[in-house]
Amino acid sequence: MNVSRRSFLASIVIAGAASPWARARVVASDVVLPRPTPSQLLWQRDELAMFVHFGVNTYTDREWGLGNEDPAIFNPTALDARQWARSARAAGARAMILTAKHHDGFCLFPTKTTKHSVESSPWRGGKGDVVREFADACRAENLRVGLYCSPWDRNSPTYGGERYNDFYCDQLTELLTRYGDIHEMWFDGANGEGPNGKRQSYDWPRIHALVRKLQPNAVMFSDAGPDVRWCGNEKGMAGYPNWASVDPAAVPYPGVDSPAVTNALLHGDPAGRVWRPAEADVSIRPGWFHHAAEDDKVKSVDALNDIWFNSVGHNSKLLLNVPPTRKGLFHANDVARLREWRESRNALFAHDLAADKTVVWRKTGERSAVAEIDLGKAHPVGIVRLSEDIERGQRVSKYVLHGAADGDWKELTQGETIGACKLDRIASSSLRRLRVTIEDAISPPLPLRVAVYPTTG
Ligand code: FUL
């Protein structure tokens, strides 16, 4: 599903331009738009990452630990991070993110900062390191490695004072120097009270600078970025329209909450000067951690597909959580569902009817254009995928999709933003030609990539 740049360029012809790419370059050089860094681009092109919530909550059946859990309860009898990674890979994920520390403060890695860690547990005789096994498994399965280290810590006695920022930065330093390349550092916004009843003021500029220094290629996620923003809900549903650009002042720090903030997270801002695409996180079950009572509540393939269309299909990246059980394995129901879901997506997107067809591109004004494609013969069309060349920013703000069998054009759907990927499910009809009319854009639009998938089932 990734847009290969070479095929993207090869499949487009610009009507009436002697040297299409020379012309496109001139247009693009006129504008100053926020653009992704190479790391942000890589991050978005992965489309799907797996989230893994694991820790003392797995053993207490809680979602938020209290911070006073006995490390002795952490004892996965069959922990196999390779099984997580294989399932993630089979589901089509290209990255995986582990809760190295959740709000309870229990560290899944040995650390000099606290005794509240795997070292004090019976697992692997206190010599184990879940983060190490996780990172090794990711690399063995060709997945990029991401880590979640909760700023909120209900265990640390330093929490609520300046020393906690040192403590937290020491933990980050351990995580960012021991385990090779980290692709994504995930900072959640929850910020409650610590063991002393105090709240913490986090030194975000220092935290961000530390991550940049130790892992310059990592993207940092939080409500407030700086590289990737939260999509504004935990349902895996990005907003629409969805701009990758934002006004950084609209979400000043992680955890800030108001209707205006939610709106900014859901939709981004076409006038925003910073590139900060949305990540849509959701769990495959009701909870983030494993609870045996939810073993029959694994989301259906239809629900997961719906999430896909509303996340990846709305110019976002999907972060899907699958929680290991007390044994340290993904549950068989989740593994089976991931496989079924992948098969369903494979079927939906198996055959791009437009793969070897030419998109004829015609500028119709400073901020408008038309893309037309002839499939050669009529097919029942179920999904149209549109992509902008986001390396050069996001531009389209209004489009209409038309289709024709042999005769008249009829309107299929209308949309606003496109970005890296817009998926339109259209009522099944037999179509030979498709036309995307870009009615407005915030900057001269560039040729689109158009993929067309037949109706299945
Ligand atoms: C939130 C946390 O409070 C939840 O427990 C979970 O980790 C979710 C992904 O982020 O901020």
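Every value quoted in this text rests on a predicted model; they were computed, and no experiment measured them.

Engineer: Can you explain the pattern of salt bridges? Please cite residues and give values.
Structural biologist: For the structure shown, the criterion picks out 21 salt bridges. The residue Arg 212 makes a salt bridge to Asp 227 at a minimum N-O spacing of 2.6 Å. Highlighted residues: Arg 212 in helix H8 (residues 204–214) and Asp 227 in the loop between strand S6 (219–222) and strand S7 (228–230), separated in sequence by 15 residues. On the accessibility criterion, Arg 212 (35% relative accessible area) is partly exposed.

Engineer: Report on the packing of helix H10 (residues 301–310) against helix H11 (residues 332–348), specifying residues and quantitative values.
Structural biologist: Closest axis-to-axis distance for the H10/H11 pair is 10 Å, and the angle between their directions is 55°. With respect to H11, the axis of H10 lies oblique. The two elements H10 and H11 meet at a crossing, and its hand is right-handed. Counting all contacts with H10, which are made through Val 301, Leu 304, Asn 305, Trp 308 and Phe 309, the residues of H11 involved are Arg 337, Glu 340, Trp 341, Ser 344, Arg 345 and Leu 348. Classifying every residue of the contact of H10 with H11 by side-chain character gives six nonpolar, two polar and three charged.

Engineer: A description of the side chain of Glu 69 should follow, citing residues and the corresponding values.
Structural biologist: Structurally, the position occupied by Glu 69 is in the loop between helix H4 (57–60) and helix H5 (81–91). Buried within the structure, Glu 69 lacks any salt-bridge partner; its nearest side chain of opposite charge belongs to Arg 62, at an N-O separation of 5.0 Å. Of the polar contacts made by the side chain of Glu 69, one reaches the backbone nitrogen of Leu 66; its length is 2.6 Å. Separated by 2.9 Å, the side chain of Glu 69 and the backbone nitrogen of Gly 67 make a polar contact. Sequence-distant contacts of Glu 69, defined by excluding residues within four places in its chain, comprise Val 56, Thr 60, Asp 104 and His 116.

Definitions and limits used
- Residues numbered from 1 in each chain as written.
- Predicted model: local features only at pLDDT ≥ 70, side-chain atom pairs only at ≥ 80, totals over all residues.
- Heavy atoms only, no water.
- Salt bridge = Lys/Arg side-chain N within 4 Å of Asp/Glu carboxyl O.
- Helix = DSSP H or I, 4+ residues; strand = E, 2+ residues; numbered from the N terminus.
- Buried < 20%, exposed > 50% of the residue type's maximum accessible area, 1.4 Å probe, protein only.
- Axes fitted to C-alpha atoms, helices over the stretch in contact; angles between N-to-C directions.
- Parallel < 35°, antiparallel > 145°, perpendicular 65-115°, else oblique.
- Left-handed = near helix turned anticlockwise from the far one by under 90°.
- Contact = heavy atoms within 4.5 Å.
- Nonpolar A, V, L, I, M, F, W, Y, C, P; charged D, E, K, R; others polar.
- Lys, Arg positive; Asp, Glu negative; His and termini not counted.
- Polar contact = N/O pair within 3.5 Å; in protein donor to acceptor, adjacent residues only side chain to side chain.

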